Amino acid sequence: MTLRQKLLLVALCTLALPVAGWLYVRQMETLLREGQAQALVASARGMARSLVVVDAPIPPAGPAWYVQRTTVPIAIDGYGDDLASLSPWAQSFGRNARVILAEDDHWLYFYIDVRAPQRRRADATDRLALSADHLVVSIASGDDTQRYLLASAAPGATTAIALDAEAGVLPDRINAQWQEDGSGFRAEFRLPRGLRLDRFGLGVHVIAEGDHEPLTAESRPLLDFSPSLSQEIGRLAPDGVRVRVLSDGAWLMAQSGKLDLPDLPYSERPGWFASLVYRSLLATRLDPDSAWAEDAPRIELPEVREALQGRPATAWRAGEARGSVVLAAATPIEVRGKVHGVVLLEQPSRAVPLLANRALFGLLLTSFAVLLVAGGVLLLFATRLTIRLRRLRNAAERAQDNDGRLDGPFPLTDATDELGDLARSFARLFDVVGGYTDYLRTLASKLSHELNTPLAIVKSSLDNLDHAGLPAEAEPYLARARDGVARLGALVRAMSEASRMERAIAAAEAEDVDLADIVRGCADGYRHLTGDRELAAELPTTPVFMHVSPELIAQALDKLFDNALSFTPPGGWMRIALRPTAEGADIELANEGPPLPAAMQGRLFDSLVSLRDKATPGDAPHLGLGLYVVRLVAERHQGMASARNIEGGVAFTLHLKGMPRQRLA
């Protein structure tokens, strides 16, 4: 990973700013919603207390029968098909009965569905009626109460007979319809609205289930939607809020207001994207949609159930309009410690989503602008830093290619930062390395000059000792001394020749020649020296003309051949190849032999470096100057020398570009 990529990765840490801002906006949105919820709960509590104080017709505490309003004619046939739209809100009674009560302008309808797979039948007028399956129906109007026995031995029309004495305006018989199927029986009847019934009781007696109780009926008050209570809460309701009063069983008793939002200009209305952002990023606590429509007779919501337990509750839901929410607050209506119902306030709003969205979008825009600016600044800084580091690297590589000598002032040495300190340290290091390299370069010539005089003295002294006459036992020592002086003299001459070779290479003159002829001639001359080793030459079929020094090329090939010959085993192979390149030509000399050590591959062409074992007596001295001369020849021709391991041996290559042409004055 580059330095710029790393700094850009560091710049991404600034993404913590929008994340922190998003969390802050969420917290702000939560606080706004909590404040609005508390205000609406206070309004609901105040309205509940007002209803008790003004003696409004609030619903009674405890179980009750709710009478639904129907707008379609209902036929009394015992099947209940006309009541299908009301059946989702049928009221359960006991373990096996469902009851639907409905009303229109003239009639009050009763539908009772009992689950009883096993039946025992008898008519209401039969003396065995109480030992068969039957219903006991109780109705009341003011102080008048009457019970009726309803049973039938067969499906069809039947009559419910009164069980009590004559009770005022209440009838002594009720015409009903009785129907049966494999799952049980159903009874349906109606009574005039003029009776002004206020209570209804029901007793279900199924003999197969062991029900042998007396003629009992559980009586409950009748409840329905109250226009007078709706008018009362309409006077108390806050603006822009829908108010509903629910009974102890969550039945709708009164309602005022609608979930209407004020019209906004089209440009200020939240779009689908803003709504999606609010619901997915901010309003994570919106409750799912549920049955809270206006025409539902029963409002079974979590906040209503909690309020029926005596505790105020709130809930947030998505509104019907895009980008809106609905806050619902439910509080109990308590009279003398008993819960009689619930006041449910629902307030639609766009304010909270709009404020939260605006804050979030503003924060995101600001954060991303800051992020872009910070990323751009870091990118520019990383680019400048990369360029400066690359200049240091390039200068260091040029110095390495030039044996530690700088070809000019080291860059960034005048900088005042840490890179300037590093550049000055590198400059001092390369000055030291360059001086040491120059010392090594001139060491051979200095040693050869300084050793000539002591060698001459030692040699003359040995000659004088030889003429002076020594005992016979001293002759071996004198011979070994002469041999050492001869070897030392050979070393001094080799170092002198290397020094002269450097000066000769620097002063060599170039001419346009065919490299193929030079390489071919050298290869022909080497074949007489290889012995039983095989020497192959790979030359191009066309001439390869270059501006070079033929003598230097031949000397370099001589050094390479001498080096290859010393490492090629008897019977091995050697190969000389010339290959034209786009910039000049490559001369390669490969031989069979041991591979180059990995640690020495970068130092083979340095001065005084040799891979040969320690010389044995009688061998010519090896100072490690041969490959160094090859390198000097390659550099004189604007090229370089390289060595690499190949399969079964080693290959040394001269990469030549040609010597620069001299302009005539």
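These figures come from a predicted structure and were not determined experimentally.

1. Thoughts on the overall build of the chain
Move 1: A tally of helices and strands in the chain yields 11 helices and 23 strands.
Move 2: Counting across all 665 residues of the chain, residues that qualify as buried make up 43%.
Move 3: Of the contacts formed within the chain by residues at least 6 apart in sequence, a portion of 67% connects residues at least 24 apart.
Move 4: Summing over all exposed atoms, the chain offers an accessible surface of approximately 35,600 Å²; the carbon and sulfur share of this is 55%.

2. Section: unusual backbone geometry
Across residues other than glycine, the phi torsion is negative in most instances, and most of the peptide bonds are trans.
Move 1: A positive phi is found at Asp 55, a non-glycine position, where the angle reads about 60 degrees.
Move 2: If you check the backbone angles, Ala 250 has positive phi at about 70 degrees while not being a glycine.
Move 3: Position of Ala 250 among the secondary structure elements: in the loop between strand 12 (242–247) and strand 13 (252–256).
Move 4: Given a relative accessible area of 5%, Ala 250 falls into the buried group.

3. Notes on the environment of Arg 317
Move 1: Mapped onto the secondary structure, Arg 317 falls in strand 14 (residues 313–318).
Move 2: Sequence separation between Arg 317 and Pro 348 is 31 residues; the distance between their C-alpha atoms is 9.3 Å.
Move 3: Of note is the side chain of Arg 317, whose polar atom sits 2.7 Å from the side chain of Glu 303.

4. What about the pattern of salt bridges?
Move 1: Per the counting criterion, the structure on display carries 27 salt bridges.
Move 2: The closest approach of N and O atoms between Arg 311 and Glu 306, which form a salt bridge, is 3.8 Å.
Move 3: Its relative accessible area of 44% is what places Arg 311 among the partly exposed residues.
Move 4: Taking the relative accessible area as the measure of exposure, Glu 306 reaches 33% and is therefore partly exposed.
Move 5: Note that Glu 588 and Arg 644 form a salt bridge whose closest N and O atoms lie 3.0 Å from each other. In this pair, Glu 588 sits in strand 21 (residues 585–592) while Arg 644 sits in strand 22 (residues 640–646), placing the two residues 56 residues apart along the sequence.
Move 6: Look at Arg 644 and you get partly exposed, because its relative accessible area is 41%.
Move 7: One continuous salt-bridge network, built from bridges that share partners, spans Glu 538, Arg 575, Arg 579, Glu 588 and Arg 644.

5. Quick notes on the pairing of strand 6 (residues 144–150)
Move 1: As paired elements, strand 5 (residues 134–141) and strand 6 share 7 bridges and run antiparallel to each other. The partner of Ser 141 across the bridge, within strand 6, is Asp 144.
Move 2: Pairing of strand 6 with strand 7 (residues 156–162) involves 2 bridges; the strand directions are antiparallel. Across the sheet, residue Tyr 148 finds its bridge partner in strand 7, namely Ala 162.
Move 3: From the end of strand 6 to the start of strand 7, which pair antiparallel, there are 5 residues.

6. Side note on the pairing of strand 20 (residues 573–580)
The side chains of a regular strand alternate, first on one face of the sheet and then on the other.
Move 1: In terms of strand pairing, strand 18 (residues 534–538) meets strand 20 through 5 bridges, oriented parallel. Residue Ala 537 lies in a different strand from strand 20, and its bridge partner there is Ile 576.
Move 2: When strand 20 meets strand 21, the two strands line up antiparallel, connected through 7 bridges. By the bridge assignment, Leu 578 is partnered in strand 21 with Ile 587.
Move 3: Count of turn residues in the strand 20/strand 21 antiparallel hairpin: 4 residues.

7. A few points about the sheet that holds strand 14
Move 1: Ordered in space as 13-12-16-15-14, the 5 strands form an open sheet in which the pairing is antiparallel. Each edge of the open sheet is held by one strand with a lone partner, namely strand 13 and strand 14. Across the sheet, the mean angle separating the axes of adjacent strands is 20 degrees when strand polarity is ignored.
Move 2: As paired elements, strand 15 (residues 325–335) and strand 16 (residues 338–349) share 11 bridges and run antiparallel to each other. Bridging across to strand 16, Thr 331 finds its partner in Val 343.
Move 3: Seen against the sheet, helix 2 (residues 16–53) touches strand 12, strand 14, strand 15 and strand 16 and runs at an angle of roughly 35 degrees to strand 15.
Move 4: This element, helix 3 (residues 227–236), spans strand 12 and strand 13 of the sheet and lies at about 40 degrees to strand 13.

8. Details of the confidence of the model for the chain
Move 1: For the chain, mean pLDDT is 82; residues scoring 70 or higher make up 85% of the total.
Move 2: Contacts of residues 614–618 to residues separated by more than four positions or lying in other chains number 4 contacts, the stretch itself having pLDDT below 50.

9. Describing the sheet that holds strand 20
Move 1: Judged by pairing direction, the sheet is mixed, and its 5 strands sit side by side in the order 18-20-21-23-22 without closing on themselves. Of all the strands in the sheet, the pair left with one neighbour each is strand 18 and strand 22. Adjacent strand axes in the sheet meet at a mean angle of 15 degrees when their direction is disregarded.

10. Regarding the packing of aromatic side chains
Move 1: Considering all chains together, one arrives at 10 aromatic pairs under this definition.
Move 2: Ring centres of Phe 110 and Phe 200 lie 4.7 Å apart, and the angle between their planes is 35 degrees; this geometry places the pair in the tilted category. One end of the pair, Phe 110, is in strand 4 (residues 107–115); the other, Phe 200, is in strand 10 (residues 199–205), with 90 residues separating them in the sequence.
Move 3: Overall, Phe 200 belongs to the buried group, its relative accessible area being 0%.
Move 4: With a centroid separation of 4.2 Å and an interplanar angle of 10 degrees, the aromatic rings of Tyr 526 and Phe 561 are classed as stacked. Pair noted here: Tyr 526 is in helix 9 (residues 515–526) and Phe 561 is in helix 10 (residues 550–567), with a separation of 35 residues, a long-range link. Phe 561 shares its class with Tyr 526; the two are buried.
Move 5: Ring pairs connect the aromatic residues Trp 65, Phe 93, Phe 110, Phe 189 and Phe 200, which therefore count as one cluster.

11. A look at the environment of Ala 56
Move 1: Locating Ala 56 in the fold gives a position in the loop between helix 2 and strand 1 (65–69).
Move 2: Residues Ala 56 and Ile 233 lie 177 residues apart in sequence; the distance between their C-alpha atoms is 9.0 Å.
Move 3: Apart from the residues within four sequence positions on either side, Ala 56 is in contact with Leu 51, Leu 229 and Glu 232.

12. Some points on the packing of helix 9 against helix 10
Move 1: In contact at an axis separation of 10 Å, helix 9 and helix 10 are set at 40 degrees when each is read in the N-to-C sense. Here helix 9 lies oblique to helix 10, going by the angle between them. Taken as a pair, helix 9 and helix 10 cross one another with a handedness that is right-handed. In contact with Leu 515, Ile 518, Val 519, Cys 522 and Tyr 526 of helix 9, helix 10 contributes Pro 550, Ile 553, Ala 554, Leu 557, Asp 558 and Phe 561.
Move 2: Across the contact of helix 9 with helix 10, the residue classes break down as 10 nonpolar, no polar and 1 charged.

About the cut-offs
Residues numbered from 1 in each chain as written. Predicted model: local features only at pLDDT ≥ 70, side-chain atom pairs only at ≥ 80, totals over all residues. Heavy atoms only, no water. Helix = DSSP H or I, 4+ residues; strand = E, 2+ residues; numbered from the N terminus. Buried < 20%, exposed > 50% of the residue type's maximum accessible area, 1.4 Å probe, protein only. Contact = heavy atoms within 4.5 Å. Areas by Shrake-Rupley, 256 points an atom, 1.4 Å probe, with all protein chains shown as cover. Polar contact = N/O pair within 3.5 Å; in protein donor to acceptor, adjacent residues only side chain to side chain. Salt bridge = Lys/Arg side-chain N within 4 Å of Asp/Glu carboxyl O. Pairing = 2+ DSSP bridges. Axes fitted to C-alpha atoms, helices over the stretch in contact; angles between N-to-C directions. pLDDT = per-residue confidence, 0-100. Phe/Tyr/Trp six-rings, centres within 6.5 Å; stacked < 30°, edge-to-face > 60°. Parallel < 35°, antiparallel > 145°, perpendicular 65-115°, else oblique. Left-handed = near helix turned anticlockwise from the far one by under 90°. Nonpolar A, V, L, I, M, F, W, Y, C, P; charged D, E, K, R; others polar.

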